[in-house]
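Topology and contacts: notes
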Amino acid sequence: MDNNNQEKSGFTYTYSAKEQAELKRIRDKYTTPTEIEDKMTRLRRLDASVTKTAQTVALAFGIIGTLILGLGMSLIMTDFAEFLGFGETMAMIVGITVGIVGGILASLAYPIYNTIVRAKRKKLAPEIIRLTDELMK
């Protein structure tokens, strides 16, 4: 009798947790996201945007400053100044000046990063707090 009941109810199989996660991931590709997922996605995007802009600007300042610093060093330590038509003393003065400017630009990268992050956080704080309040209810 048990065989008849089993045949009528069918065969069931439970997938492992790893397979369940994969099934959910595949299913999520073909279903429309819910309102909660939209808000969570927007919250993550807003949070990431705070640091992305700051990182980009700070990296640009750091890289440009480092290249200018390297140019100043090469004016002092190589024959590059001769190629540009500078005398030895003039190459030293120009190289030191250019190197200092590059060093200043490179050292401003971190303070610029902090300034941009603070400004973006201040600007986006009301929206982020509103979204987190809605999601935490």
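Summarised in this report is the structure supplied together with it.

Attention now moves to the overall build of the protein chain. The number of helices and strands found in the protein chain is six helices and zero strands. Secondary structure elements of the protein chain occur, N-terminal to C-terminal, as α-α-α-α-α-α. Expressed as a percentage of its 137 residues, the buried residues of the protein chain come to 13%. Counting only contacts in the protein chain whose residues sit at least 6 apart along the sequence, the fraction spanning at least 24 positions is 76%. Accessible surface for the protein chain amounts to roughly 11000 Å². Of this, 63% is attributable to carbon and sulfur atoms.

A word on the nonpolar core. One finds Leu-43, Leu-46, Val-50, Ala-54, Val-117, Leu-124 and Leu-131 forming the largest nonpolar core, which totals seven residues. Taken together, the elements giving at least two residues each to this core come down to helix H3 (35–77) and helix H6 (109–136). Beyond its immediate chain neighbours, meaning those up to four positions away, Leu-131 contacts Lys-39, Arg-42, Leu-43 and Leu-46.

On to H6, then. Leu-124 marks the point of greatest bend in H6, at about 50°, and the proline Pro-126 comes within the next four residues. The set of residues buried in H6 consists of Ala-109, Val-117, Leu-124 and Leu-131.

Applying the stated criterion across every chain, the model contains one aromatic pair. Taking the centre distance of 6.3 Å and the plane angle of 15° together, the rings of Tyr-110 and Tyr-113 count as stacked. Here Tyr-110 pairs with Tyr-113, and both are found in helix H6, just three residues apart, close to one helical turn. Tyr-110 gets classed as exposed once you look at its relative accessible area, which sits at 56%. By relative accessible area, Tyr-113 is classed as partly exposed at 21%.

The next subject is a nonpolar patch on the surface. On the surface, Leu-69, Met-73, Ile-76, Met-77, Met-92, Ile-96, Ile-100, Ile-104 and Leu-108 cluster together to form a nonpolar patch covering roughly 790 Å² of accessible area. Listed by contribution, the elements that provide at least two residues to the nonpolar patch are H3 and helix H5 (88–107). Turning to its location among the elements, Ile-104 is positioned in helix H5. For Ile-104, a relative accessible area of 46% corresponds to the partly exposed category.

Once that is clear, we can look at the packing of H5 against H6. Relative to each other, H5 and H6 sit at 35°, their axes nearing to 4 Å. Within the contact between the two elements, H5 uses Leu-105, Ala-106 and Ser-107 and H6 uses Ala-109, Tyr-110 and Pro-111. Its residues assigned to classes, the contact of H5 with H6 comprises five nonpolar, one polar and no charged.

Conventions we followed
Residues numbered from 1 in each chain as written. Predicted model: local features only at pLDDT ≥ 70, side-chain atom pairs only at ≥ 80, totals over all residues. Heavy atoms only, no water. Helix = DSSP H or I, 4+ residues; strand = E, 2+ residues; numbered from the N terminus. Buried < 20%, exposed > 50% of the residue type's maximum accessible area, 1.4 Å probe, protein only. Contact = heavy atoms within 4.5 Å. Areas by Shrake-Rupley, 256 points an atom, 1.4 Å probe, with all protein chains shown as cover. Core = buried A, V, L, I, M, F, W, Y, C linked by side-chain atoms within 4.5 Å. Bend = angle between axes of the 7 residues up to and from the residue. Phe/Tyr/Trp six-rings, centres within 6.5 Å; stacked < 30°, edge-to-face > 60°. Patch = residues over 30% accessible without salt bridge, like charges linked within 9 Å, V, L, I, M, F, W, Y side chains within 5 Å. Salt bridge = Lys/Arg side-chain N within 4 Å of Asp/Glu carboxyl O. Axes fitted to C-alpha atoms, helices over the stretch in contact; angles between N-to-C directions. Nonpolar A, V, L, I, M, F, W, Y, C, P; charged D, E, K, R; others polar.

These figures come from the coordinates and say nothing about function on their own.
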